[in-house]
Amino acid sequence: MDIAASQLTGPGRVVRAAAANALADFRATYSWYSWTFGWLGRMLCQVTFFALLGSFLHSADQARYLVLGNSVMTCVIEAMTVVVSTSWERGQGTLALLAAAPSEMGWVFLGRSLQWPVSGCGTSLVALLLLDPLFGVHFTATQVPVLVALVLLTAFSTYCFGLFLGAFVLAAPAVRNFVYNGAYLVTMAISGVQVPTGFWPLPVRLLAEALPATHGVAAVRALADGSDPAACARQAALAAVTGALWLAAALTAFRQSAKWVRRRGGYEFAP
């Protein structure tokens, strides 16, 4: 590949171009009104529901635990939407063209759904900073920049996990909603959002350790509790490492998928 071709198909250029499509998709999907009063309102109601369960138990600690975990979980839910949106390329009939292009398909899909973790970060931060104080969770002004960084890390590392699942959903788009809902519900159950990870037997705890959300939630809890900064940094590092590993796995999966598509002559249209 000559220099001009490599510049044209370089990962950074490909991701930027795909991200522009992601932004256009987001603008077509939401207006400021529908996002604020539709999506954001729905997520805040969900967080409030779980927090009130803790209040009904007459336990301020339980309410605090639930509101904090579920506030972080909102960015995880939205980032995982990449599982569904990845299959849209088959519905639009453009997957065969992507497989035929000289750039790696994985980099295209990395940028193609970036609207979800970005939007998810906004949802999560609104919940953490505006809703959580009603249930006893407060962040100081000096903690807010760290909180923003942790939410970004949680959303984008989870996005990499979702991207890996999306690579397989391409082959069976009919199950995309099943995989999406199953993945985020399992994450919600075992990653320390509703109950501590220690509640689960060892095999489930090991699975939870492989999920970036587990470490992202733990890092935000450590920050909110005023724990030793080293504990927060350790969990943040684990979230980054697991996210990087899932990204590497996703890029590999897309690479193998592209080879398979080329051998078969392309994926057929699938709504």
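Residues numbered from 1 in each chain as written. Predicted model: local features only at pLDDT ≥ 70, side-chain atom pairs only at ≥ 80, totals over all residues. Heavy atoms only, no water.

### Section: the overall build of the protein
Consideration 1: From N to C terminus, the protein includes 14 helices and 0 strands.
Consideration 2: Across the protein, helices and strands are ordered from the amino to the carboxyl terminus as α-α-α-α-α-α-α-α-α-α-α-α-α-α.
Consideration 3: Against the compact-globule benchmark of 18 Å for 271 residues, the protein has a radius of gyration of 19 Å, which places it among compact chains.
Consideration 4: Structurally, the protein occupies a C-alpha span of about 60 × 40 × 35 Å along its principal axes. (Helix = DSSP H or I, 4+ residues; strand = E, 2+ residues; numbered from the N terminus. Rg over C-alpha atoms; globule rule 2.2 N^0.38 Å.)

### Some words on helix H13 (residues 212-224)
Consideration 1: Between its terminal C-alpha atoms H13 stretches 19 Å, which fits the 18 Å expected from 13 residues at 1.5 Å a residue.
Consideration 2: Counting buried positions along H13 yields 12 of 13 residues, so the element is predominantly enclosed.
Consideration 3: Within the span of H13, buried status applies to Pro-212, Ala-213, Thr-214, His-215, Gly-216, Val-217, Ala-219, Val-220, Arg-221, Ala-222, Leu-223 and Ala-224. (Expected span 1.5 Å × (residues − 1). Buried < 20%, exposed > 50% of the residue type's maximum accessible area, 1.4 Å probe, protein only.)

### Overview of the side chain of Ser-191
Consideration 1: Checked against the element boundaries, Ser-191 lands in the loop between helix H11 (176-190) and helix H12 (202-209).
Consideration 2: A polar contact is formed between the side chain of Ser-191 and the backbone oxygen of Thr-187, at a distance of 2.4 Å. (Polar contact = N/O pair within 3.5 Å; in protein donor to acceptor, adjacent residues only side chain to side chain.)

### With respect to the nonpolar core
Consideration 1: Residues Met-80 and Phe-139 are the most contacted members of the largest nonpolar core, which totals 75 residues.
Consideration 2: Broken down by element, the residue count for this core peaks at 12 residues, all from helix H10 (residues 144-169).
Consideration 3: Those residues in contact with Phe-139 that sit more than four places away from it in its chain are Leu-68, Leu-128, Leu-129, Leu-147, Val-220, Leu-223 and Ala-224. (Core = buried A, V, L, I, M, F, W, Y, C linked by side-chain atoms within 4.5 Å. Contact = heavy atoms within 4.5 Å.)

### Examining the environment of Ala-253
Consideration 1: Tracing the backbone through its elements, the reader meets Ala-253 in helix H14 (residues 229-264).
Consideration 2: In the structure, Ala-253 is positioned 89 residues away from Phe-164 in sequence and 7.0 Å away in space, judged by C-alpha atoms.
Consideration 3: In this structure Ala-253 touches Phe-164, Ala-167 and Phe-168, once residues within four positions along its chain are discounted.

### A short note on the pattern of salt bridges
Consideration 1: Scanning the model with the defined rule gives 3 salt bridges in all.
Consideration 2: A salt bridge links Arg-112 to Asp-25; the shortest N-O distance between them is 2.6 Å. Taken together, the residues Arg-112 in helix H8 (residues 105-112) and Asp-25 in helix H2 (residues 11-29) connect sequence positions 87 residues apart.
Consideration 3: The shortest N-O distance in the salt bridge between Arg-255 and Glu-104 comes to 3.0 Å. With Arg-255 in helix H14 and Glu-104 in the loop between helix H7 (95-100) and H8, the pair connects residues that are 151 residues apart, well separated along the chain. (Salt bridge = Lys/Arg side-chain N within 4 Å of Asp/Glu carboxyl O.)

### Things to note about the packing of aromatic side chains
Consideration 1: Counted under the stated rule, the structure contains 12 aromatic pairs.
Consideration 2: Consider the rings of Phe-26 and Tyr-30, whose centres lie 5.2 Å apart with planes at 55°: the pair is tilted. Pair check on accessibility: Phe-26 and Tyr-30 agree, each one buried.
Consideration 3: Grouped by ring-pair contacts, the aromatic residues Phe-161, Phe-164, Phe-168 and Trp-246 constitute a single cluster.
Consideration 4: One cation-aromatic arrangement involves Arg-221 over Tyr-65; the distance from NZ or CZ to the ring centre is 3.5 Å. (Phe/Tyr/Trp six-rings, centres within 6.5 Å; stacked < 30°, edge-to-face > 60°. Lys NZ or Arg CZ within 6 Å of the ring centre and 35° of its normal.)

### Observations regarding the side chain of Asn-70
Consideration 1: Tracing the sequence through the fold places Asn-70 in helix H4 (residues 60-79).
Consideration 2: Within the structure, the side chain of Asn-70 is placed 3.0 Å from the side chain of Gln-194, a separation counted as a polar contact.
Consideration 3: Beyond its immediate sequence surroundings of up to four residues, Asn-70 is in contact with Val-47, Phe-50, Met-188, Val-193 and Gln-194.

### Some remarks on H2
Note that an α-helix has 3.6 residues per turn; residues three or four places apart therefore point the same way.
Consideration 1: For H2, spanning 19 residues, the distance from its first C-alpha to its last is 26 Å, which sits close to the expected 27 Å at 1.5 Å a residue.
Consideration 2: By the burial criterion, the buried members of H2 are Val-14, Val-15, Ala-18, Ala-22, Asp-25 and Phe-26. The buried residues of H2 occupy one face: seen down the axis, they fall within an arc of 115°. Turned more than 90 degrees away from the buried face of H2, the exposed residues are Arg-16, Arg-27 and Ala-28. (Arc of directions from axis to C-beta.)

### Structural notes on the environment of Arg-205
Consideration 1: Following the sequence through the fold, Arg-205 ends up in helix H12.
Consideration 2: It is 29 Å that separates the C-alpha atoms of Arg-205 and Leu-131, two residues lying 74 residues apart in sequence.

### A few points about the environment of Arg-42
Consideration 1: The topology assignment puts Arg-42 in helix H3 (residues 32-56).
Consideration 2: Taking the C-alpha atoms as reference points, Arg-42 and Ala-189, separated by 147 residues in sequence, lie 20 Å from one another.

### Thoughts on the packing of H3 against H4
Consideration 1: It is at 8 Å that the axes of H3 and H4 come closest, and there the two elements cross at 150°. Comparing their axes, H4 and H3 come out roughly antiparallel. The chirality of how H3 crosses H4 is right-handed. Counted together, Trp-35, Trp-39, Met-43, Gln-46, Val-47, Phe-50, Ala-51, Leu-53, Gly-54 and Ser-55 of H3 and Gln-62, Ala-63, Leu-66, Val-67, Asn-70, Ser-71, Thr-74, Ile-77 and Glu-78 of H4 form the full contact between these two elements.
Consideration 2: Split by residue class, the contact of H3 with H4 holds 11 nonpolar, 7 polar and 1 charged. (Axes fitted to C-alpha atoms, helices over the stretch in contact; angles between N-to-C directions. Parallel < 35°, antiparallel > 145°, perpendicular 65-115°, else oblique. Left-handed = near helix turned anticlockwise from the far one by under 90°. Nonpolar A, V, L, I, M, F, W, Y, C, P; charged D, E, K, R; others polar.)

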